[in-house]
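If you want the building blocks of each chain, they are given just below.
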Amino acid sequence: VQLQAFGGGLVQAGGSLRLSCAASGGTFSNYAMGWFRQAPGKEREFVATITGGWSGRTYYADSVKGRFTISRDNFKKTVYLQMNSLKPEDTAVYYCAAETGFTTNRNLLEIGSRYDYWGQGTLVTVSS
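Residues numbered from 1 in each chain as written. Predicted model: local features only at pLDDT ≥ 70, side-chain atom pairs only at ≥ 80, totals over all residues. Heavy atoms only, no water.

This part is about the overall build of the protein chain. Helix and strand counts for the protein chain come out as one helix and 11 strands. Written out in order from the N terminus, the α and β elements of the protein chain read β-β-β-β-β-β-β-β-β-α-β-β. The C-alpha atoms of the protein chain give a radius of gyration of 13 Å, which matches the 14 Å a tight globule of 128 residues would have. Along the first, second and third principal axes, the C-alpha atoms of the protein chain reach 40 × 25 × 25 Å. Across the 128 residues in the protein chain, those meeting the buried criterion constitute 45%. A fraction of 57% describes how many contacts in the protein chain between residues 6 or more apart in sequence connect residues 24 or more apart. Just so you have it, the protein chain exposes about 6,400 Å², and 47% of that area is on carbon and sulfur atoms. A gap of 5 Å separates the mean positions of the 13 positive and 9 negative side-chain charges of the protein chain. (Helix = DSSP H or I, 4+ residues; strand = E, 2+ residues; numbered from the N terminus. Rg over C-alpha atoms; globule rule 2.2 N^0.38 Å. Buried < 20%, exposed > 50% of the residue type's maximum accessible area, 1.4 Å probe, protein only. Contact = heavy atoms within 4.5 Å. Areas by Shrake-Rupley, 256 points an atom, 1.4 Å probe, with all protein chains shown as cover. Lys, Arg positive; Asp, Glu negative; His and termini not counted. Charge placed at Lys NZ, Arg CZ, Asp CG, Glu CD.)

Okay, structure coming up:
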């Protein structure tokens, strides 16, 4: 499975961006797909995840709840992260990841080491 994330860029505070992560190989519809981010000097942190299947459940970090929306298109093998009301503290490299173990448990899906495949990351910079 290969993942390619794109859509990052420079945006002013309060603005929006949509990240995409395209998958190739594997059975995309079965996988939970997550977004994580890593800010300079900080550890990687969970952002959002959507479980596998055609009616995936979504979970969000408290810091992005109500501002970010994760979604997936199983036909296009793509997962999206719509980011609204961006803040300077959202500045980070954003990574998408695939979990192939049919996990639906939120607590497990917040753990980066649960994911089997990772994209290369896309940089989001939010200016104040």
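After presenting the structure, the write-up continues.
This part covers the pairing of strand 1 (residues 2-6). Of the two faces of strand 1, the one lined by L3 and A5 is fully buried and the one lined by Q2, Q4 and F6 carries no buried residue. Relative to strand 3 (residues 17-24), strand 1 runs antiparallel, the two sharing five bridges. Paired with L3 across the two strands is A23, which belongs to strand 3. (Pairing = 2+ DSSP bridges.)

Time to look at the state of the cysteines. Within this structure, the stated rule accounts for one disulfide. Each sulfur of the disulfide joining C21 and C96 lies 2.1 Å from the other. Looking along the S-S bond of the C21-C96 disulfide, the torsion reads about 60 degrees, which is the right-handed sense. Here C96 lies in strand 9 (residues 92-99) and C21 lies in strand 3, a separation of 75 residues in the sequence. Residue C21 shares its accessibility class with C96, and that shared class is buried. (Disulfide = S-S within 2.5 Å.)

With that settled, consider the nonpolar core. Counting residues in hydrophobic clusters, the biggest one holds 37 residues, and the most contacted among them are M33, W35, L81, M83 and Y94. The leading source of residues in this core is strand 9, at five residues. (Core = buried A, V, L, I, M, F, W, Y, C linked by side-chain atoms within 4.5 Å.)

With that settled, consider unusual backbone geometry. Located in the positive-phi region is K77, a residue other than glycine, with phi close to 55 degrees. Within the secondary structure layout, K77 lies in the loop between strand 7 (68-73) and strand 8 (78-83). Accessibility expressed as a relative area gives 32% for K77, which makes it partly exposed. Phi is positive for F102, close to 60 degrees, though the residue is something other than glycine. Given a relative accessible area of 58%, F102 falls into the exposed group.

This part is about the side chain of T51. With respect to the element layout, T51 can be found in the loop between strand 5 (45-50) and strand 6 (58-60). A distance of 2.7 Å separates a polar atom in the side chain of T51 from the backbone nitrogen of R57. Not counting residues up to four positions away in its chain, the partners in contact with T51 are Y31, A32, G56, R57, Y59, R72, T103, T104 and L109. (Polar contact = N/O pair within 3.5 Å; in protein donor to acceptor, adjacent residues only side chain to side chain.)

Read these as geometric descriptors, not functional statements.
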